[in-house]
Each structure stands twice: as structure tokens, then as C-alpha cells.
Amino acid sequence: RFAHALAEAGVSVVSGLALGVDGEAHAGALDGHGTTLACVGTGLDRVYPARHRDLANRIAAQGAIVSEYPLGTPPLAAHFPQRNRIIAGLSQGTLVVEAALQSGSLITARLAADMGREVFAIPGSIHSPQSRGCHALIRQGAKLVESVEDILEELPGAQAQTPKATSPAPVAAAGDDTDDALLRAMGHEPIGLEALQDRTGMSTAQLMARLLELELAGCVGRLPGGRVQRLVRA
């Protein structure tokens, strides 16, 4: 949602082509008819992870893929933290969506701050390990972000172009959906199906059927690792 709205506002999105947030950021920018740059930790003739081959082709056609490594370089673990300095250097600001206290995202945020760039962070539940890195950044002076406007107002020249649709935080109260018992049980953080079943007492069949209804209604999204999350409704 953020990448889509930023792309519509004329802001290029830079990320690392990894699974999860990186891939979603690139895809959101492309779907917003904007440009996106992928900074990779391999040679440009390698796509890692392999499942992002189609995404990499879209990025190459609508943006750029960059690497400091020679052709043929395989995906080595040490390369990925190193490429984060290029991501930070290419960007006016770095948005951390989700991060544990020991996270590559925090490396990128620290590098961005050292370079004098803006650092933004989306807060989450105090009970979520994946929010602790964001909360640490906010305590250290990163800007707390709830909407895309919070980012645009800090980027020189970006406000001159208004996005076609504003982007609220990825998870928030969803109007009348608060009357739904399953949505109330989900809360606003990603949750696994077993944990959700424990909270609701629903059978597997009941839970899957109701989740499908909510997904079709645009109230729930599927995440990697078998998790689900409550979504904002338009």
C-alpha cells in the first residue's frame, strides 16, 4: 500500500528483491505505475530468490536492477548486509515496515541515518517481536509513520505530486468489521492459524471457511508462513 501510493506520487521505490516486504515494495510500486530499483547481492545474471524471476523482469523493464558484484556471483550471506548501504545511499529516506531487534532492516536504517537520510518506521504491537526494531528506531528519533503523507511531507519535491489514493497504515480498525468476532480475535498483527484457532475455539473447517469469506470481502490478507492479517477496507 505504501509503495503503491508513493509510486503514484512520483517517488521511486528502492528495495532488495528479497522475499516478504522487499518483494511487496517492488510489486506495489510497479502496480502504482511507478519506477522501482532493486539492489541485489548477486551478479546481475542471477535472480535470488528464484521465485522472483518474473518480478525481476518487471523491475528491469520499469526501473533498474543494480549490483556491485560481477556476473556469475552467487547469493552469499555476507553480500546482503553489504548491499544495504547501497539501498540507503540511493534513497532520500528509508521506511522500516517490520523488524526484529536483530534485523538487516536496522542495518539499512542505521546506514541511512549516518548518511543524513530520513528514517521512518511503522509501529506495531508491543507484544510482537517483529515490531521491536521499529519501536527502537522511533525511540532513537525515526519518524513514526501512519500514512503515506507522513513520508511525503519529509521528501523534498514529493508533495508537488498528490497520490491518487492515500495510503493509511497497513492495519487499522475497519469500520463495521469491528462487529465481527473473528476479526476482533485477530487483532491488528499477523497471526498464525493455530493461534487464531486457540483464540476463537472454532473448528478448522469453520475457521477456514470464515477466513475465506473475510478474504473475499477484503477484510483479511494472507501472508507468508501461513499467517493472516486484518486489512484496512477502502
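Residues numbered from 1 in each chain as written. Predicted model: local features only at pLDDT ≥ 70, side-chain atom pairs only at ≥ 80, totals over all residues. Heavy atoms only, no water.

### A look at the overall build of the chain
This is how it is decided: We count a stretch as a helix when DSSP gives it H or I for four or more residues in a row; a strand needs E for two or more, and each element gets its number in order from the N terminus. Residue burial is assigned from relative accessible area. The probe radius is 1.4 Å, only protein chains are included, and a residue is buried under 20% of its type maximum, exposed over 50%, and partly exposed in between. Every residue pair with non-hydrogen atoms within 4.5 Å of one another is taken to be in contact. Reported accessibility uses the Shrake-Rupley method at a 1.4 Å probe radius. Residues are deemed covered only where the shown protein chains occlude them.
Secondary structure summary: the chain contains ten helices and nine strands in total. A total of 234 residues make up the chain; the buried ones form 41% of that total. Considering only intrachain contacts with a sequence separation of at least 6, the fraction spanning at least 24 residues in the chain is 62%. Surface exposure of the chain reaches about 12,200 Å², of which carbon and sulfur atoms provide 53%.

### What to know about the packing of helix α2 (residues 21-31) against helix α3 (residues 53-62)
This is how it is decided: Note on method: axes are straight lines fitted to C-alpha atoms, helices fitted across the in-contact stretch only, with angles between N-to-C directions ranging 0 to 180 degrees. Geometric relationships in this document are graded by angle, where less than 35 degrees denotes roughly parallel, more than 145 denotes roughly antiparallel, 65 to 115 denotes roughly perpendicular, and other angles denote oblique. Whether a crossing is left-handed or right-handed is set by the direction in which the near helix is turned from the far one by less than a right angle, anticlockwise for left-handed and clockwise for right-handed. In the scheme used here, Gly and all other residues not listed as nonpolar or charged are polar, with Ala, Val, Leu, Ile, Met, Phe, Trp, Tyr, Cys and Pro taken as nonpolar and Asp, Glu, Lys and Arg as charged.
Their axes nearest at 11 Å, the elements α2 and α3 cross at an angle of 45°. Between α2 and α3, the crossing angle belongs to the class labelled oblique. Here α2 runs over α3; the crossing is left-handed. Facing G23, H26, A27, L30 and D31 of α2, the residues of α3 in contact are L55, R58, I59 and Q62. Across the contact of α2 with α3, the residue classes break down as four nonpolar, three polar and two charged.

### Here we look at the sheet that holds strand β7 (residues 191-192)
Our working rule: What makes two strands pair is DSSP finding at least two bridges between them.
Strand order in the open sheet formed by three strands is β7-β9-β8, and the pairing between neighbours is antiparallel. The open sheet has two free edges, formed respectively by β7 and β8 (220-223), since each of these has just one partner strand. Of the pairings in the sheet, the one linking β8 to strand β9 (residues 227-230) comprises four bridges and is antiparallel in character. When the sheet's bridge partners are listed, L223 is paired in β9 with R227. Packed onto the sheet, helix α10 (residues 204-216) meets β8 and β9 and runs at close to 110° relative to β8.

### Points about the environment of P70
Checked against the element boundaries, P70 lands in the loop between β3 (64-66) and α4 (79-90). Its relative accessible area of 56% is what places P70 among the exposed residues. For the pair P70 and G43, spaced 27 residues apart in sequence, the C-alpha separation works out to 5.2 Å.

### Quick notes on the packing of aromatic side chains
Heads up, the condition is: In this scheme Phe, Tyr and Trp rings, the latter by its six-membered ring, pair at centre separations within 6.5 Å, and the angle between planes marks the pair as stacked below 30 degrees, edge-to-face above 60, and tilted otherwise.
The full count for this structure, using the stated rule, is one aromatic pair. Measuring from ring centre to ring centre gives 5.7 Å for Y48 and F80, while their planes differ by 45°; the resulting arrangement is tilted. With Y48 in the loop between β2 (36-39) and α3 and F80 in helix α4, this pair connects stretches of sequence that are 32 residues apart. Residue class for Y48 comes out partly exposed when judged on its relative accessible area of 45%.

### Some thoughts on the pattern of salt bridges
Inclusion rule: Salt bridges are defined as contacts in which a side-chain nitrogen from Lys or Arg sits within 4 Å of a carboxyl oxygen from Asp or Glu.
Inspection of every chain in the model, using the stated rule, returns six salt bridges. With a closest N to O distance of 2.9 Å, K143 and E154 form a salt bridge. Placement of K143 in strand β6 (residues 143-144) and of E154 in the loop between α7 (148-152) and α8 (181-186) is noted, with a sequence separation of eleven residues between them. Across the pair E215 and R222 runs a salt bridge whose closest N-O atoms are separated by 3.0 Å. With relative accessibility at 30%, the residue E215 sits in the partly exposed group. Judged by relative accessible area, R222 falls into the partly exposed class, the value being 38%. Ionic contacts of the salt-bridge type, sharing partners, join the residues K143, E153 and E154 into one network.

### Considering the confidence of the model for the chain
We count it as follows: The predictor attaches a confidence to each residue, called pLDDT, with possible values from 0 through 100.
Averaged over all residues, the pLDDT of the chain is 86; the fraction at 70 or higher stands at 89%. Counted against residues more than four places away or in other chains, residues 162-178, with its pLDDT under 50, gives 46 contacts.

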